[in-house]
Amino acid sequence: MSPRPTVLLIGDLAHTNKEWEALSSKYNLLEFRKGTREQFLENCRNGTYAEVRGCYRSNVSTAITGPFDKELIAALPESWKFIAHNGAGYDNIDVDACSARKIAVSSTPGAVDDATADVGILLLLGALRQAHEPLVALREGRWKGRSRLGHDPRGKTLGILGMGGIGRAMAHRARSFGMEIIYHNRRRLDPSLEKGAKYVSFDELLAQSDVLSLNLALNASTRHIISAPELAKTKKGVVVVNTARGALINEADLVAALESGQVSAVGLDVFENEPQVHPGLVKNDRAFLLPHLGTSTYETQRDMELLVLKNLQAAVDHGKMLTLVGEQKGLDWAPKEADS
């Protein structure tokens, strides 16, 4: 009889501790809920993790181990074949380094779509209606303060950069407000997924959007995809919404465009150097800002944790994954897609 597989939890769980503990019926469970990067690396070197087949980790656990970069990936034992990641974004994992070692990585698309799109619409409406100033004024006893007239979403063109699950959920909600939808992707969607949205080039997206929503992953090719040259191509008075990753936008360039009036308002849930926020955004009353709350609901966070545990089990038990990251799909060694 072969020994039971060993799996590792990195960081904490908020909603699925019972489900994790139940895995002890078939796995040896190790935990690294607290500690430092050096302690983690030492555990990799001294044999503590010598039998680990896969791990659960998250964007939040980056505060403990640091990013899963080339150095850390190189330190993982030979037994380590799977990283089940909690987060739709995974820019803190060096996927190329993982692929070089044939370590499969999964993320949590789908589970985050509705909650993130809900926040996207909140930011869109807050920015269009110039909601920051009256919200602050009310609490300071100034009633409406120096409120400006806002704009209706009806009849406006929403341009979505990145028409994946979150982008499509955003489009679905925006249609309810009478918005026209255009989008740009690396590839056009199957018409059955477009639901009337029009596929356009990147430059056409910039030129035609009344509201520009960023809904794409952050990687080397998309970092600062919106900077001064792109902002100069937008309609004067465009509204920019970002629920994806802050570093998709050159924040200093965005502040300059906001101050010049090229951008009339922004709705942002993510920031280039969060938790630090550019002071030009903080002081600008046309910036409607949230502190990265996109997936901050009980239901969504529990669904995300459950999906990570399902990915880990599918990987260890069957050599498959439900939501393998896109960069690894089709690689000859990569796990096949598991049934959900």
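Higher on the page you've got the structure.
Residues numbered from 1 in each chain as written. Predicted model: local features only at pLDDT ≥ 70, side-chain atom pairs only at ≥ 80, totals over all residues. Heavy atoms only, no water.

**Q** Even after reading the chapter, I still don't get helix H8 (residues 165–175), so can you show me in this structure?
**A** Helical periodicity: at 3.6 residues per turn, an α-helix aligns residues three or four positions apart in one direction. Taken together, the buried positions of H8 are Ile166, Gly167, Ala169, Met170, Ala171, Arg173 and Ala174. Residues of H8 that are buried sit in contact with helix H6 (113–128), strand E6 (157–161), strand E7 (180–184), strand E9 (211–214) and strand E10 (238–242). (Buried < 20%, exposed > 50% of the residue type's maximum accessible area, 1.4 Å probe, protein only. Helix = DSSP H or I, 4+ residues; strand = E, 2+ residues; numbered from the N terminus. Contact = heavy atoms within 4.5 Å.)

**Q** What is the right way to look at empty space enclosed by the protein in this model?
**A** To locate leftover empty space, one rolls a probe as large as a water molecule over the atoms. One pass over the structure, following the stated rule, counts one cavity of 30 Å³ or more. Considered as a void within the structure, the largest cavity measures approximately 30 Å³ in volume. Looking at the largest cavity, the residues that line it are Asn242, Gly246, Ile249, Glu251, Leu254, Leu268 and Val270. Partitioned by chemical class, the residues of the lining of the largest cavity number four nonpolar, two polar and one charged. (1 Å grid on protein atoms, 1.4 Å probe; cavity = no way out; pocket = protein on both sides within 12 Å on 5 of 7 lines; lining within 4 Å. Points joined across faces, edges and corners; volume = space filled by probe spheres on them. Nonpolar A, V, L, I, M, F, W, Y, C, P; charged D, E, K, R; others polar.)

**Q** Sorry if this is basic, but what is going on with the environment of Pro153 here?
**A** One can find Pro153 in the loop between helix H7 (132–139) and E6. Placed 26 residues apart in sequence, Pro153 and Met179 show a C-alpha to C-alpha distance of 6.1 Å. Apart from residues lying up to four places away in sequence, Pro153 is in contact with Leu124, Leu125, Leu128, Phe177, Gly178 and Met179.

**Q** So what exactly am I meant to see when it comes to the sheet that holds strand E8 (residues 198–199) here?
**A** Pairing is parallel across the open sheet formed by seven strands, whose spatial order is E8-E7-E6-E9-E10-E11-E12. Either end of the sheet is taken by a strand with one partner, and the two such strands are E8 and strand E12 (287–289). Of the strand pairs in this sheet, E10 and strand E11 (residues 263–268) are connected by five bridges, and their pairing is parallel. Opposite Val241, over in E11, you have Gly267 as the bridge partner. (Pairing = 2+ DSSP bridges.)

**Q** Can you help me understand the pairing of E11 in this one?
**A** Each regular strand shows side chains that alternate between the opposite faces of the sheet. E11 sits mainly inside the fold: five of its six residues count as buried. In this fold, the crossover linking E10 to E11 by way of helix H12 (residues 251–260) has right-handed handedness. Both E11 and E12 contribute to a ladder of three bridges, which runs parallel. Among the inter-strand pairings, Leu268 is bridged to a residue of E12, identified as Leu289. (Right-handed = clockwise from strand over helix to strand, strands pointing away.)

**Q** Whenever I open this one, the state of the cysteines confuses me. Can you help?
**A** A covalent bond bridging the sulfur atoms of two cysteines is what the word disulfide describes. A complete count under the given rule lists zero disulfides for this structure. Left without a disulfide partner, Cys44 is nearest to the cysteine sulfur of Cys55, which lies 9.6 Å away. Here Cys98 is not cross-linked by a disulfide; its sulfur's nearest cysteine counterpart is in Cys55, at 8.9 Å. (Disulfide = S-S within 2.5 Å.)

**Q** I tried to follow the sheet that holds strand E5 (residues 104–106) on my own but got confused; where do I start?
**A** Backbone-to-backbone hydrogen bonds join strands into a sheet, with any given pair of strands oriented parallel or antiparallel. A sheet is described by the order of its strands in space; here five strands give the open sequence E2-E1-E3-E4-E5, paired in parallel fashion. If you trace the sheet from one side to the other, it starts and ends with strand E2 (28–32) and E5, each paired once. Within this sheet the neighbouring strands show an average axis-to-axis angle of 20 degrees, counted without direction. Relative to E2, strand E1 (residues 6–10) runs parallel, the two sharing five bridges. The partner of Thr6 across the bridge, within E2, is Asn28. Across the face of the sheet, helix H14 (residues 298–318) comes into contact with E1, strand E3 (52–58), strand E4 (82–86) and E5 while running at roughly 170 degrees to E4. (Axes fitted to C-alpha atoms, helices over the stretch in contact; angles between N-to-C directions.)

Purely geometric stuff here, so don't read any function into it on its own.
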